[in-house]
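Now for the letters of each chain:
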Amino acid sequence: MKQVIMGNHALSFGAMISRVQVIAAYPITPQTQVVELLSELCADKRLDAEFIKVESEHSAMAACCGASAVGARTFTATSAQGLALMHEMIHWAVGGRLPVVLGNINRAMGPPWTIWTDQNDSLSQRDTGCLQFYAQSNQEVLDTVVQAFKVSEQILLPSMVILDAFALSHTSEVVDVPDQKLVDEYLPPFNPRYILDPKEPHTFGGLTGPDGYYELRYKIEEAIQDSKRLINETGKEFGELFGREYGLVEKYKLDDAEIVLIASSTIASTARVAIDELQEEGKKVGLLRVRVFRPFPSEEIRELLVNRKKVAVIDRNISFGHGGIFAQEIKSALYNCKDKPPIWGYITGIGGRDVTVEHIKEIVNDTIKSEKPEQDILWKGVKL
Amino acid sequence: MKQVIMGNHALSFGAMISRVQVIAAYPITPQTQVVELLSELCADKRLDAEFIKVESEHSAMAACCGASAVGARTFTATSAQGLALMHEMIHWAVGGRLPVVLGNINRAMGPPWTIWTDQNDSLSQRDTGCLQFYAQSNQEVLDTVVQAFKVSEQILLPSMVILDAFALSHTSEVVDVPDQKLVDEYLPPFNPRYILDPKEPHTFGGLTGPDGYYELRYKIEEAIQDSKRLINETGKEFGELFGREYGLVEKYKLDDAEIVLIASSTIASTARVAIDELQEEGKKVGLLRVRVFRPFPSEEIRELLVNRKKVAVIDRNISFGHGGIFAQEIKSALYNCKDKPPIWGYITGIGGRDVTVEHIKEIVNDTIKSEKPEQDILWKGVKL
Amino acid sequence: MIEIRVHGRGGQGAVVASKALAIAVASEGRYVQSFPEFGVERRGAPVYAFTRIDDKEIYVRSKIYNPDHVVVLDPTLIEAIDVTEGLHKGGWILINTTKKPGDFQEFCKDFRVATVDAYNIAIKYKLGPKASPIVNTAILGAFSKISGVVSLDVLLKGIKEIVPIKPEENAQAATEAYNSVNFKEE
Amino acid sequence: MIEIRVHGRGGQGAVVASKALAIAVASEGRYVQSFPEFGVERRGAPVYAFTRIDDKEIYVRSKIYNPDHVVVLDPTLIEAIDVTEGLHKGGWILINTTKKPGDFQEFCKDFRVATVDAYNIAIKYKLGPKASPIVNTAILGAFSKISGVVSLDVLLKGIKEIVPIKPEENAQAATEAYNSVNFKEE
Amino acid sequence: MERGKTMKLSIPEEELVLQGHLACQGCGATLCMRYALKALGQNTILDIPACCWSVIDGPFPHTSVKVPLFHTAFETAACAASGIRAGLDALGRKETNVVAWAGDGGTFDIGIQALSGAAERNDNIIYICYDNEAYMNTGIQRSSATPYGAWTTTTPVKHFKKMPKKDLVRIMAAHRIPYTATACVGYPEDFIKKVKKAKEIQGTTFLHIMSPCPPGWKSLPEETIKLAKLAVTTCYFPIYEIENGEKYTINKVIKNPKPVKEFLERQGRFRHLTEELIEKIQKNVIDSYNGLLKKAGLDLEVHVKE
Amino acid sequence: MERGKTMKLSIPEEELVLQGHLACQGCGATLCMRYALKALGQNTILDIPACCWSVIDGPFPHTSVKVPLFHTAFETAACAASGIRAGLDALGRKETNVVAWAGDGGTFDIGIQALSGAAERNDNIIYICYDNEAYMNTGIQRSSATPYGAWTTTTPVKHFKKMPKKDLVRIMAAHRIPYTATACVGYPEDFIKKVKKAKEIQGTTFLHIMSPCPPGWKSLPEETIKLAKLAVTTCYFPIYEIENGEKYTINKVIKNPKPVKEFLERQGRFRHLTEELIEKIQKNVIDSYNGLLKKAGLDLEVHVKE
Amino acid sequence: MSKGKIVYNRAKDIPLNAMSVDTMLFNKTGAWRNVRPVIDYENCICCMICWKFCPDISIYIEDDKPVIDYDYCKGCGICVEECPKKCISIEEEGR
Amino acid sequence: MSKGKIVYNRAKDIPLNAMSVDTMLFNKTGAWRNVRPVIDYENCICCMICWKFCPDISIYIEDDKPVIDYDYCKGCGICVEECPKKCISIEEEGR
Ligand SMILES: Cc1ncc(C[n+]2csc(CCOP(=O)(O)OP(=O)(O)O)c2C)c(N)n1
Ligand SMILES: Cc1ncc(C[n+]2csc(CCOP(=O)(O)OP(=O)(O)O)c2C)c(N)n1
Ligand code: SF4
Ligand code: SF4
Ligand code: SF4
Ligand code: SF4
Ligand code: SF4
Ligand code: SF4
Ligand SMILES: [Mg+2]
Ligand SMILES: [Mg+2]
């Protein structure tokens, strides 16, 4: 059914049609509508789930871990400070192999207090092992929740579905909420082999020495690598059932492009318009959207970027003391390839500074004009 | 005065000779000796500091932030889960421009519970903006605490002094505890321009829109970039006063090396022996130790690696879904250079699996033998 | 693509107006975006909301700087802020006021001005408390008429979908405003 | 470089023994490392500690797999675990026991065996509770004698520095063990 | 601005909160701050976690308080204050008041651990919780201070809050800190007296202030003070103090409580309550008030005359 | 193994803790678990945050309990249990007991927020805190359960703990949960009875168990039970229960308390205490015991005969 | 230091640590008001209860009398409600 | 499932999520002991107090009598201390 809904509600409906069984969440701007709608859905019995109104995000994620360990499908949502407070427990979900799905509204980190978007909150979790999906529309938000459960539950790792504050979270647009029956067909019930069960008692997470621990970590990497295949497969299958296909990356007018612009989230959405206009001006540019940041789609990126002339990456984030994080990881992925293009790493839009079609065109044009990337970080839009 | 002390005590004495004024810390294996010794030093009045025995690491860092904001020199220490629980507050110290110094004992993250070393705890904080120093000996631990205060207080960002669990934390060796007078000469009292002071009232960290926020973040990057210069300078000055010089990176027998091994922490220490033996075997290898990971010494690394034949990086850590973190950042730093060598990224020693001279030699020899890096991650020592 | 900015005060329902318009338009199969100003809303303080409308999927996700039309829910705002900021030449300014378009000479040069007494219409249909009636649905009726962006019928469906209480009265208010809006027909 | 492994039970002071030895050696300007087994120590359970000694700075920071010598604080450990694991051929095994080196034929083939009754020496000097006397300093005296790694004088200084209570008695115990250790002189 | 003033005011004249702040119309939390700073005076450092006051204060680079203010993370009101205190002590600035200022969510829920820790250490801080009975800054979600029966966005009408309000005052009393008290914006003189008392005490002091919130309570802005007073006169929120966790003093004994309905019916958040539920609430209010009277050693039992 | 047994045992025979676990000699915490599982039975899920029990249980891939055990982060005993409970309820497995099992540090300090949250929601979990009065797993650091006067590595003899033990039972009672009780490993029958009672109750129940620790208390392993009993018979640790935060019952009334010195002098952690300080502790012990008697409505006042 | 609205035009002018000064006076919240309280000084007994309860510090004391500062008064109506003499009336702001 | 010590030799044999089974019996903690409790059955009244208080579950009941399991008894001495008949004596383990 088509509805005009905000990104936050798309997230909630995504959880609803995934038939989540336990929700534990804590409010934070700009995520509050997620918990509010879920509270209502539970009160209305439109969603048959236990909602634990925990006293902090740390507890939210801990409760999700506990519930997941008994075999329940679990969901939480947060943003910025809340996500940061969950940090230890995101590691926990990963090490415990607990496929919790977490919605995160990208909001810049304090201090100073701020509520506008950038990716530093979620990217600060990039080393935990939690999958990260960056959505560019409300439709994708909803669809991705369902896919995230499907992927996560197969590899037993948590996923994060990420959307920009306000630009998606508070923006209403047309979203097709799929038929429950079809979703049930797509997403089987969660049925892990090992759960906390007095009938077959096991202990989870006991003290482990270097023997064992190293191997367990190896297996996490194995699983997350395997998820690349799964994400593409389930994304395709989703397309077959619902008419909207997804993958690790998305190509836009990329085929003949000499110059590739790489972006994510809503900037990638706006960038389509910029690419359209630039192509009209006769420029050989195309867009590569990185939809999934963890696992990092190194193979896809290598395949799509070798033999191009130039690459420009837009980062709405910064790892202080190194640079934009997408640029960094793309460089790393391409490093050992032959015939790789130089990469211009732009930072812009931090703390919610608006990124317009004009800004993006400027970035591409700068890249076209420039002979080589003069600096590790090319700042855009900051008032110097 | 020379003493045979464990790394944890080197950390505590480092704080003592830095004349810290406020300590807030919480115990965790393998850091406990740090808080225990500091408790004693305070009880004995050998150290004139307020020690807040907080109820969690989150509170520890929050208390440090508060104390730093009134102009006190503050210190805390933790490890693994404790560090993860501080995550939000490390962001806070950075955004608040509060030069807290934090000792972290590298311990692998749970679950499963484990207490042995790897770098995933500290590297999971790499995107916060907190400086990161990785020490290779107890002497360096102590010396670095003093330097970290000096650097941090000039650029107004927090620092993390990092040592391996057990291999340093619980290993006793000879450490020269410098003369207090000399330290006082080296490290002036903390005297920030703006503090919480009713005589000149200011509000810190108030709600900030995209205008302002973006610029404030830009300034953090400016400061952390500037710290590169400062770290080298203060490390040199330290050498002049105390006879031990430090910098962002350390070269070992690197001059004529065609093959460069890159390592950090105690693996870099053990690697010296491996390099000695390999050179004796006639191999043109050298060692580059990355002492400071944040800010990332991209310039130094570029300068030292271009025109080499091969580079092997040892990571005792993994960013699941991408690979070893040092390798990733080194690749990123070198990416836009000409004449850069291929990079072999090895992962080993996760969860405290021991890394011996033989292991390191094997890694170098593998690199010599191999034509090109076949995989993004080359696992060593895992029982496949 | 059509871009519309709605000015109001915290509590007057600018966001609901923007969203009701979007829902109405979407029901015709067109594409829409509706979003508030990104920030903290306080009752009484000036706020904005935006609507984007297009026949094809909308990819641009930056803010709206140059709206095609502006709707002003509260006439007192005209003194407080510049409601025409960025407004396209020839765009509509629709103002809730008892005054007539001609009373806004400063706007008439570059823009088309329309006025409607949404305040009294809202009071008449008992929308919101009498001291601060909710004028957002009424004014949308007027907007439908002058702009032609959406037909009244379709608008009324949208209003009924989003307004939680008194949907019928709101629809009536919109209709009355539709019929009573003051503007120069072209 | 000399590498030594000390076997004991949790609570017997294997770590202190290893560290006292290191302190003594360091006082002569030599380089040392002393470290416990990396893990959880429980009273009564078998534990290890290690010492590395060299004339130049020690860079290797991996564990010790092939010690040059082994010191066993508790004779019952010999049955529980393999105390010779990795031990260099010809290395010393020093055991706290009332038995004589010849009683450990299984070790005599590959290693040099020495024994000392550190238990009774410790009791004599009232070191630790009578039921579980602390034998670690006594046995170091014996180790000094047989291994020559450190002189008795220097050792005694190290012991006095690290042992918090009864430093004098500990030194005397070490001296008595130094003089009473059973081994074949070469 | 106060020119030619000769009369005696019942509360100090000095204003340390500026005009122009961003509170809603009729905000109780703002009155709280206004009164507290009057009592605390200039030599005070505030620390404030996330709450309405993070917004009320104003956007960077502006602030509406005339004392130093440290915005701190949501969970950290008490421990940041402990840090500020320790820093001041280390620097010899012992006379400065350190005040942790937090909402009910930041106090009853996400901040209770830090508060409990500071109380156990008896750190020398004043902790003031202004209680508007929900997470207001994020748009009215339930906190554990939300009373039984109330609507919030996370306790929808169909599923209104079923748990009673957490009794934080009793919890703090159980920490045996030197001073715990309740107060209410409807009675500024009493509140100010208590803040002044807290200022004189070495150790942790805790003040719990009832603070109506028109948008959150769905009440009329002009009725903020009326509601605040009704909270007290209906015994919904008694004002009292506890010394060392043991000695209870009721500062305003209500001998003839008004029906709690008078308090409830003025608030949209209670609109859905049936007579039966109101009856239940009424009974609880009176029972706990009588319990309190007993603890305070008063030989009195009250009931509502209807 | 129990062949040919005919006698009646005072506690259930079933053992759900295995031999071979990694506790120290004479560990009270292990006895706690042994008794608790006897009472809880097989249909139980445990969750345990960081504490000695994370080690006692044994190294991966081994465990020494015969019920499912979820090791959880240090701060999360209560909330992980809430999650487990919610998961079970969602899956219709309502009859399984969910037990959060934590040390004093994990309960009084870093876990108190989650515990307070679960209690406020009245989640249907049993929370058992075994109290050895310090962070033992990390090597004896002070917790807020460490008593006044005790040495720990972070409260060195020169600076022994100056704050009294946090009164967590009173704090939990202030949460008005249906059942709060203390027990002691010296009295397994009483403890087991209480666990069984907690099992029957819907809602949050909290049990606080005194549990001696030879290395941490610097006591003799063989004296663990003796010390546990002395804790009770000196009134240092009264065993009692509180229903709905109001109704106090003392399960073992001590009419003639032994001098607390008998308890203290057996422990190295109190060795440095002067007679004067012991006197002070004695007075506190008796005063609070008499306070407790009063709360329980007993018309009795005790004192120590010397 | 000026008490007006501060606008930083360049990063380098901004203090390092998001430091604010007491300048909210720039924000004339009188514009939020849609009703206006007006004191009838005839009946006013100058008890200052209105001053005491104004959350917006928008009543000041001049010559022992309460004066409303319309630059900031948000029109909440508390003063109207609390005045014991009921001598503050409410007027609509023009529209 | 075997109750002995489990040793995984390869990553692929290890369960995904650090899952343990009740096999601590492999760990014969009797080796930790340096003293040995011995029951004098002459005086034993079979009250089972020793059984009740053994933290190491190392006293079992056989034919209504307490039997010490020396494979696991850590020698803490609690049984010795708590026996009402003082009929458990302590012996030194040989050295
Ligand atoms: C870790 C974290 N979680 C959530 C938030 C979001 N948040 C900010 S203020 C707030 C509500 C505060 O409620 P309360 O303490 O009652 O103060 P009030 O807003 O009612 O004044 C919340 C949930 C945050 N800032 N940080
Ligand atoms: C976040 C975090 N901080 C610190 C630790 C380290 N830690 C593990 S157990 C423990 C002490 C536990 O004390 P308590 O709860 O009293 O249990 P006990 O060890 O005494 O049984 C500590 C500090 C941790 N695991 N996680
Ligand atoms: S929401 Fe309530 S507490 Fe917050 S500023 Fe508005 S009136 Fe005040
Ligand atoms: S330290 Fe204490 S509580 Fe922990 S296992 Fe040992 S005896 Fe038991
Ligand atoms: S409250 Fe009324 S009577 Fe009192 S000073 Fe104000 S206007 Fe005058
Ligand atoms: S209406 Fe409100 S803001 Fe205005 S003066 Fe009266 S109390 Fe103050
Ligand atoms: S306690 Fe003593 S008497 Fe009782 S069964 Fe054991 S050995 Fe026999
Ligand atoms: S000595 Fe201790 S472990 Fe051994 S049987 Fe007796 S009580 Fe059990
Ligand atoms: Mg609140
Ligand atoms: Mg404990």
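All values reported here derive from a predicted model rather than from experimental measurement. (Residues numbered from 1 in each chain as written. Chains lettered and ligands numbered in written order. Predicted model: local features only at pLDDT ≥ 70, side-chain atom pairs only at ≥ 80, totals over all residues. Heavy atoms only, no water.)

Glancing now at the overall build of chain A. Tallying secondary structure elements over chain A gives 12 helices and 16 strands in all. The globule rule puts the C-alpha radius of gyration for 384 residues at 21 Å, and the 20 Å found for chain A is close to it. Counting every position in chain A, which comprises 384 residues, the buried fraction comes to 79%. When contacts within chain A are restricted to residue pairs at least 6 apart in sequence, those whose partners lie at least 24 apart make up 81%. Counting every atom, chain A has about 9,900 Å² of accessible surface; 46% of that belongs to carbon and sulfur. Computed over 41 positive and 52 negative side-chain charges, the separation of the two mean positions in chain A equals 3 Å. (Helix = DSSP H or I, 4+ residues; strand = E, 2+ residues; numbered from the N terminus. Rg over C-alpha atoms; globule rule 2.2 N^0.38 Å. Buried < 20%, exposed > 50% of the residue type's maximum accessible area, 1.4 Å probe, protein only. Contact = heavy atoms within 4.5 Å. Areas by Shrake-Rupley, 256 points an atom, 1.4 Å probe, with all protein chains shown as cover. Lys, Arg positive; Asp, Glu negative; His and termini not counted. Charge placed at Lys NZ, Arg CZ, Asp CG, Glu CD.)

Let us look at the coordination of the magnesium ion (ligand 10). Residue and element names in this part refer to chain F. Coordination of the magnesium ion (ligand 10) by the protein comes from D104 (OD), N132 (OD1) and A134 (O), over a distance range of 1.9 to 2.0 Å. Counting residues between consecutive donors of the magnesium ion (ligand 10) along the chain gives the motif D-x27-N-x1-A. The exposure class of N132 is buried, given its relative accessible area of 5%. (Donors = N, O, S within 2.8 Å, 3.2 Å for Na, K, Ca; no water.)

For the pair chain B and chain A, the superposition axis carries a translation of 0.0 Å, the fit reaches an RMSD of 0.0 Å, and the rotation angle comes to 180°. The superposition operator between the copies reduces to a two-fold rotation axis. In terms of C-alpha distance to the rotation axis, chain B has B:S332 as its closest residue, with the C-alpha 2.5 Å off the axis. Taken together, the interface assignments show that 100% of the residues at the interface of chain B recur at the interface of chain A, consistent with an identical surface on both copies. (Least-squares fit on C-alpha atoms with pLDDT ≥ 70 in both.)

This part is about the packing of aromatic side chains. Residue and element names in this part refer to chain A. This model, assessed by the stated rule, comprises 48 aromatic pairs over all chains. Measuring from ring centre to ring centre gives 5.3 Å for Y186 and F238, while their planes differ by 85°; the resulting arrangement is edge-to-face. In this pair, Y186 sits in helix α7 (residues 180-186) while F238 sits in helix α8 (residues 210-242), placing the two residues 52 residues apart along the sequence. Residue Y186 is classed as buried on the basis of its relative accessible area of 0%. (Phe/Tyr/Trp six-rings, centres within 6.5 Å; stacked < 30°, edge-to-face > 60°.)

Now for the site of ligand 1. Close to ligand 1 lie 24 residues, the nearest being A:E57, E:G105, E:G106, E:Y130 and E:N137. The site occupied by ligand 1 is bordered by residues of chains A and E. Separating an oxygen atom of ligand 1 from a backbone N or O atom of E:G106 is a distance of 2.8 Å. For ligand 1, an oxygen atom lies 2.9 Å from a polar atom in the side chain of E:N132. (Near = heavy atom within 4 Å. Polar contact = N/O pair within 3.5 Å; in protein donor to acceptor, adjacent residues only side chain to side chain.)

On to the coordination of the magnesium ion (ligand 9), then. All names here are of chain E. The coordination sphere of the magnesium ion (ligand 9), as far as protein atoms go, consists of D104 (OD), N132 (OD1) and A134 (O), spread over 2.0 Å. Every donor residue of the magnesium ion (ligand 9) comes from the same chain, spaced as D-x27-N-x1-A. An identical accessibility class is assigned to N132 and A134; each is buried.

Turning our eyes to something else, we now look at the interface of chain B and chain A. Contact with chain B, which involves 85 residues of that partner, is made by 85 residues of chain A. Counting the surface lost from both chain B and chain A, the interface buries some 7,400 Å², and carbon and sulfur atoms represent 58% of this. The three residues of chain B that bury the most area against chain A are B:Y214, B:F320 and B:Y335, which together make up 13% of that side's buried surface. The residue B:D127 makes a salt bridge to A:R126 at a minimum N-O spacing of 2.7 Å. There are 58 residue pairs in polar contact (both at pLDDT 80 or more) connecting chain B and chain A. Taken together, the elements giving at least two residues each to the side of chain B that touches chain A come down to α4 (80-95), α5 (120-123), α8 (210-242), α10 (298-305), α11 (325-334) and β15 (343-347) of chain B. Among the elements that make up the side of chain B that touches chain A, the one with the highest residue count is α8(B) (13 residues). Of the residues contributing to the side of chain B that touches chain A, the split by class is 37 nonpolar, 31 polar and 17 charged. (Buried area = accessible area lost by both parts, 1.4 Å probe. Salt bridge = Lys/Arg side-chain N within 4 Å of Asp/Glu carboxyl O. Nonpolar A, V, L, I, M, F, W, Y, C, P; charged D, E, K, R; others polar.)

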